[in-house]
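A closer look at the structure
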Amino acid sequence: MRARRVRRWLPGLLLVSPSIVAIGLFVYGLIFWNTRVALSGKHDEVSPLGFDGGRNFVDLWDQPSWPGAVRNALVFTAVFVLGALLLGAFLAFLMDKGVRAEASFRVVYLFPMAVSFIAAGVVWRWLLNPAPAERAVGLNQLFHDAGLGALANTWWQHPDWGMAAMALPAVWQMSGYVMALYLAGFRGVPEELREAARVDGASEWKVYRYVVFPQLRPVTLAALIILGHISLKVFDLIMAIAGKQIITYVPAVAAYVEIFDRHDPANGATIAAYLLVAVAVLVVPYLVWTVRQERAR
């Protein structure tokens, strides 16, 4: 009996064991090592690791650039997540209502997701060029030529709304993905429910508001989690457009600067640990909720 059980689960275990070892080493092993460095006094490349009792996590907030980096990340996250959700839901709504050449439109909307953040950043750096009218390019030149010069602005160099402008390329890139999620959700709502609401006298808007959209709460939650964790660790888009400028400083850029420019592994690992906690705050409750939903079924 025991040999039969071993023959039953051993092939599956051997099949997944390389993935288990790789995940254990390159995910959880590196998380452990990063935490160890964050809890050390290794503020240069030659000091021993030691242990500082977690002082790095407190001292980081005394750095002038860190609170601004956190604020920039929150602004970017709010604009990016809300913009991508609204635009993606609107595009999915249009697709669900039926348009000609729907497959072509889906490809057009999804194509930006196939472009890397680096490539998108290079293009949007030109589009969001903050040069004034006489040297305008990109969107500022378009506004100037169309007689809408009042709409031209400094985009990502604006001291108050720079990070909101920085979120525009991310919204452009991920709204198609959100559209695909919502469109799948729309198509998954039984037509009988919609027809029953219409028979009861509900307008088309009320059908979507009271019948369709309540069915899409899991889709919205999934999109929120995916977009949220992308926005919290955004790095390549920021570097491609603005580089390491303080006006667009975010935690991921701060970690890069601490490790590679200031040669301070402890501070860089501390920032990475903060990012890990921020992502875990979003992802772990979602995973718990998903497991409970699966068990309830």
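Because the structure is predicted, anything quoted here is derived from the model rather than measured. (Residues numbered from 1 in each chain as written. Predicted model: local features only at pLDDT ≥ 70, side-chain atom pairs only at ≥ 80, totals over all residues. Heavy atoms only, no water.)

1. Section: the side chain of Lys42
This is how the line gets drawn: By the criteria applied, helices consist of DSSP H or I runs no shorter than four residues and strands consist of E runs no shorter than two, each listed in order from the N terminus. Whether a residue is buried, partly exposed or exposed follows from its accessible area with a 1.4 Å probe, protein chains only, as a fraction of its type maximum: under 20%, in between, or over 50%, in that order. Charge counting treats Lys and Arg as positive and Asp and Glu as negative, with His and both chain ends excluded. Whenever Lys or Arg places a side-chain nitrogen within 4 Å of a carboxyl oxygen from Asp or Glu, that contact is recorded as a salt bridge. We call two residues in contact whenever any of their non-hydrogen atoms come within 4.5 Å of each other.
Relative to the helices and strands, Lys42 resides in the loop between helix H1 (2-38) and helix H2 (55-59). Buried Lys42, no salt bridge; nearest opposite-charge side chain is Asp44, N-O distance 5.6 Å. With sequence-adjacent residues up to four places away left out, Lys42 is seen in contact with Ser47, Pro48, Leu49, Asp264, Pro265 and Ala266.

2. Thoughts on empty space enclosed by the protein
The test is simple: Cavities and pockets are found on a 1 Å grid laid over the protein atoms alone: a cavity is a set of points where a 1.4 Å probe fits but cannot escape, a pocket is an open set with protein on both sides within 12 Å along at least five of seven lines, and a lining residue has an atom within 4 Å of such a point. Grid points are joined across faces, edges and corners, and a volume is the space filled by probe spheres set on the points. Residue classes follow a fixed rule: Ala, Val, Leu, Ile, Met, Phe, Trp, Tyr, Cys and Pro count as nonpolar, while Asp, Glu, Lys and Arg count as charged, and any other residue, Gly among them, counts as polar.
Scanning the model with the defined rule gives 1 cavity of 30 Å³ or more in all. Estimated volume of the largest cavity: approximately 40 Å³. Those elements that place two or more of their residues in the lining of the largest cavity are helix H3 (65-97) and helix H12 (251-261). Of all the elements, H3 adds the most residues to the lining of the largest cavity, at 3 residues. Its residues placed into classes, the lining of the largest cavity shows 6 nonpolar, 2 polar and 2 charged.

3. A few points about a nonpolar patch on the surface
Convention followed: Surface patches are drawn from residues lacking salt bridges whose relative accessible area is over 30%; two like charges belong together within 9 Å, two nonpolar side chains (Val, Leu, Ile, Met, Phe, Trp, Tyr) within 5 Å. Per-residue accessibility takes into account occlusion by the displayed protein chains alone, with areas from the Shrake-Rupley method and a 1.4 Å probe.
Judged by side-chain polarity, Ile23, Leu25, Phe26, Val27, Tyr28, Leu30, Ile31 and Leu276 come together as a nonpolar surface patch covering roughly 770 Å² of accessible area. No other element matches H1, which puts 7 residues into the nonpolar patch. In this structure Ile31 comes out as partly exposed when scored by relative accessible area, which is 30%.

4. Focus on a positive patch on the surface
Here is the rule we go by: Where a charge lies is defined by one atom per residue type, namely NZ (Lys), CZ (Arg), CG (Asp) and CD (Glu).
On the surface, Arg2, Arg4, Arg5, Arg7 and Arg8 cluster together into a positively charged patch. If you trace the backbone, Arg8 turns up in helix H1. Given a relative accessible area of 64%, Arg8 falls into the exposed group.

5. What about the nonpolar core?
Heads up, the condition is: Think of a nonpolar core as a cluster: buried Ala, Val, Leu, Ile, Met, Phe, Trp, Tyr and Cys residues, connected wherever their side-chain atoms sit within 4.5 Å.
Grouped together as the largest cluster of nonpolar side chains are 54 residues, with contacts concentrated most on Phe76, Phe80, Met166, Tyr182 and Leu227. Elements with a contribution of two residues or more to this core: H3, helix H5 (117-127), helix H6 (138-145), helix H7 (162-188), helix H9 (204-212), helix H10 (217-232), helix H11 (236-241) and H12. Those residues in contact with Met166 that lie beyond four places of it in its chain are Phe76, Trp156, Leu237, Ile238, Ile241, Ala242 and Thr248.

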